[in-house]
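Letter by letter, the chains look like this.
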Amino acid sequence: MTKFSRIGIIGAGSMGGNMSLLFAEHGLQVSLYDVKQESVQAVIDMAKEQDNTRDKVTGYKDYETFMKSFNNDKQQPRLLVFSITHGHPADDVLASIRQYLNKGDIILDGGNEWYLDTERRQKEMDKLGVYFIGMGVSGGYQSARRGASLSPGGNKDILDNVLLPFLRTVCAKSEKGGECVTNIGPAGSGHYVKMVHNGIEQGMLSIVCEAWGIFHALLGFSEDDIGQIFTDWSTKSELNNNFLIKIGGDICTRHYKGDDPSSGHVLDDIEDKVVQDADNTEGTGVWSLQEAAQVHISAPTIAAAHLLRIASANRPDRIEFEKLVKLEKPRLADVLKEKTEEFIEDLRGAVYISIMASFAQGCNLISATSHAKKWKIKMSEVIRIWRAGCIVQSDYIADLLQPLYLENEKANDEPITNILLLKPVAADIEKYYPALKRVVLLAIEYGAHVPALTASLEYFKYVSSTELPTQFMEAELDYFGAHSYDLKSEHAMNIKKGPHHYEWKKP
Ligand SMILES: NC(=O)C1=CN([C@@H]2O[C@H](COP(=O)(O)OP(=O)(O)OC[C@H]3O[C@@H](n4cnc5c(N)ncnc54)[C@H](OP(=O)(O)O)[C@@H]3O)[C@@H](O)[C@H]2O)C=CC1
Ligand SMILES: O=C(CO)[C@H](O)[C@H](O)COP(=O)(O)O
């Protein structure tokens, strides 16, 4: 078995820097390179602070000395990890290190990358006999330091026999699911799964922030009260150990000076702009949407969340438009005074099934693409590796989905393509749908911003209905475009255009 004693990392930012320290802590020598030399120095300085990382991280200023820092015994593969911005940087780095690569070397791209770019690089590196593995690393910089949830995809032999034994030692570990790493599948499947993880994450982020907005505006709760409720939610039932709810509790109660309330809440000073999607630093949200539309998966929760973020980034236009129109602002809902507890319970249920909507859209997207590309992704494994170290971590949902996927995989049945059709999932949606509806109605009445909650409500409504108004849309399409339709009386069950056309316009 290959045992790595040295690892090369390109990219010393918040993820690469922390992974360097983690690998050093596990006894590896780390060769570190970044175009930004001050980032490399910062990691070396941090490494010096701990006995078990001291002298284990060495920085390099050029690719030649960086690549030669490995023991160049060609019998031993070298392991290089990329943790850089997506897009052209990986191509630039590959062009720079190409001349120093040996047959058998392994490149593990741990950035968030568009999976088709990963597949292109895999083919390019194949020609050199170099293995290029696209790996999702989830959990942010803190998990990068402690151990993240890892979704590698690429060459099966290298993954199973060389990389997984190593990655198992450095990944996050969960009580119920063990090591949060698995061989996702071939080609760009690892980066694909990470992309969808971020799509689900995006939906969840919106749902949680909308709940915060409702507490704030409609109930007039203080940050500390909201923090207490989030913390309480994250310790039990359907939101048990939900990472974003849990950190929501911390965020709401964080004062500038420890627990001193007079020092003010950090949260109160934060502007309402999310710019990742507007400055192109992150692509996973928009890629998820693109993919959902491309493979015909309805993903309105993820879409609504993304579009809110885009609008939030453009604060200048919002300021101008606010001057032009006098629309309502979120305000206190006096009607809630008598039934505050009931409403909080409604909101908890609404948040839970909206998060389930986000999961459904993401999981169904992975299943559809896995089927189309014959990747054979085991969804039970995806849910298992999302049990710790990652942002979508949610114990109840994992407890619900993992055994159902596993049972299906073991029975070798047709893969589950739509988790909404699983009876326990459907039962929860039926149970909490009325709560989601009450929350959305009240939120709209009192001017709160609820795009992802509303989208989730409508999603459940339309995917469970057989009497959609699209009957009329179909007629209009046929009127102007002869797009043709199915007849109710024929009960067509295929996903194909119907054969009928009517000449609607009177002669
Ligand atoms: N932050 C997070 O929570 C997570 C991030 N990721 C992904 O991990 C990757 C790294 O993220 P993060 O650490 O946050 O990003 P950072 O911006 O903190 O670090 C990336 C580093 O890579 C450097 N870099 C860019 N281009 C090159 C290049 N051509 N050669 C060498 N170095 C280069 C950057 O330098 P410069 O600034 O000068 O461009 C920067 O120092 C990204 O793909 C990100 O999407 C994945 C999971 C979580
Ligand atoms: O990858 C991540 C977590 O899993 C990062 O946190 C990422 O910054 C969030 O992505 P985006 O801004 O695209 O939503």
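Residues numbered from 1 in each chain as written. Chains lettered and ligands numbered in written order. Predicted model: local features only at pLDDT ≥ 70, side-chain atom pairs only at ≥ 80, totals over all residues. Heavy atoms only, no water.

1. What about the side chain of S288?
- Following the sequence through the fold, S288 ends up in helix α11 (residues 284-294).
- A distance of 3.0 Å separates a polar side-chain atom of S288 from the backbone oxygen of M195.
- Reaching out from S288, the side chain makes a polar contact with the backbone oxygen of T284 at a distance of 2.8 Å.
- Every residue in contact with S288, bar those within four places of it in the chain, is listed here: M195, V196, G199 and L365. (Helix = DSSP H or I, 4+ residues; strand = E, 2+ residues; numbered from the N terminus. Polar contact = N/O pair within 3.5 Å; in protein donor to acceptor, adjacent residues only side chain to side chain. Contact = heavy atoms within 4.5 Å.)

2. Digging into the packing of helix α12 (residues 300-313) against helix α18 (residues 451-463)
- Their axes nearest at 8 Å, the elements α12 and α18 cross at an angle of 160 degrees. Considered as vectors, α12 and α18 are oriented roughly antiparallel to each other. For the crossing formed where α12 meets α18, the hand is right-handed. For the pair α12 and α18, contact is made by P300, T301, A304 and L308 and by P451, A452, A455, S456, Y459 and Y462, respectively.
- Partitioning the contact of α12 with α18 into residue classes produces 8 nonpolar, 2 polar and no charged. (Axes fitted to C-alpha atoms, helices over the stretch in contact; angles between N-to-C directions. Parallel < 35°, antiparallel > 145°, perpendicular 65-115°, else oblique. Left-handed = near helix turned anticlockwise from the far one by under 90°. Nonpolar A, V, L, I, M, F, W, Y, C, P; charged D, E, K, R; others polar.)

3. Things to note about the site of ligand 2
- Close to ligand 2 lie N112, S138, K194, H197, N198, E201, Q276, E282, T284, G285, R309 and I391.
- Contact distances for ligand 2 include 3.0 Å between an oxygen atom and a side-chain N or O atom of N112.
- E201 has a polar side-chain atom sitting 2.9 Å from an oxygen atom of ligand 2.
- Considering ligand 2 on its own, with 370 Å² of exposed area, one finds that the protein chains cover 84% of that surface.
- Within the residue set of the shell around ligand 2, elements represented by two or more residues are α8 (189-217) and α11.
- Considering every element that reaches the shell around ligand 2, the biggest residue donor is α8, with 4 residues.
- Here the residues of the shell around ligand 2 sort into 1 nonpolar, 7 polar and 4 charged. (Near = heavy atom within 4 Å. Areas by Shrake-Rupley, 256 points an atom, 1.4 Å probe, with all protein chains shown as cover.)

4. Comments concerning the UniProt feature "active site" (unreviewed entry) in the chain
- Feature annotation in UniProt places "active site" (unreviewed entry) on K194 and E201, given in this structure's numbering.
- Inspection of the secondary structure puts K194 in helix α8.
- Those residues in contact with K194 that sit more than four places away from it in its chain are N112, G136, V137, S138 and S151.
- Mapped onto the secondary structure, E201 falls in helix α8.
- Overall, E201 belongs to the buried group, its relative accessible area being 17%.
- Among all residues touching E201, those that are not within four sequence positions of it are L244, I391 and V392. (UniProt positions renumbered as here; feature names shortened; annotations may be inferred. Buried < 20%, exposed > 50% of the residue type's maximum accessible area, 1.4 Å probe, protein only.)

5. Observations regarding the environment of Q361
- Turning to its location among the elements, Q361 is positioned in helix α14 (residues 340-373).
- Setting aside its immediate chain neighbours within four residues, Q361 contacts I297, S298, A299, P300, T301, I302 and Y459.

6. A few points about the site of ligand 1
- Near ligand 1 there are 20 residues, and of these S14, M15, D34, I84 and V137 occur at the shortest range.
- Between ligand 1 and D34 there is a distance of 2.8 Å, counted from an oxygen atom to a side-chain nitrogen or oxygen.
- Within the side chain of Y63, one N or O atom sits 3.5 Å away from a nitrogen atom of ligand 1.
- When isolated, ligand 1 has an accessible area of 880 Å², and the protein chains bury 74% of it.

7. Here we look at the nonpolar core
- The biggest cluster of nonpolar side chains holds 88 residues, and the ones touching the most others in it are I214, F215, W233, F359 and W386.
- Sort the elements by how many residues they give to this core and α14 lands first, with 15 residues.
- Among the domains, domain 1 (6-183) and domain 2 (194-463) are the pair contributing at least three residues each to this core.
- Excluding residues within four positions of it along the chain, W233 makes contact with F215, L239, N240, I245, I344, L347, R348 and V351.
- Among the nonpolar cores identified, the runner-up in size contains 37 residues, and V43, I133, L159 and V162 belong to it. (Core = buried A, V, L, I, M, F, W, Y, C linked by side-chain atoms within 4.5 Å. Domains from an automatic or database assignment.)

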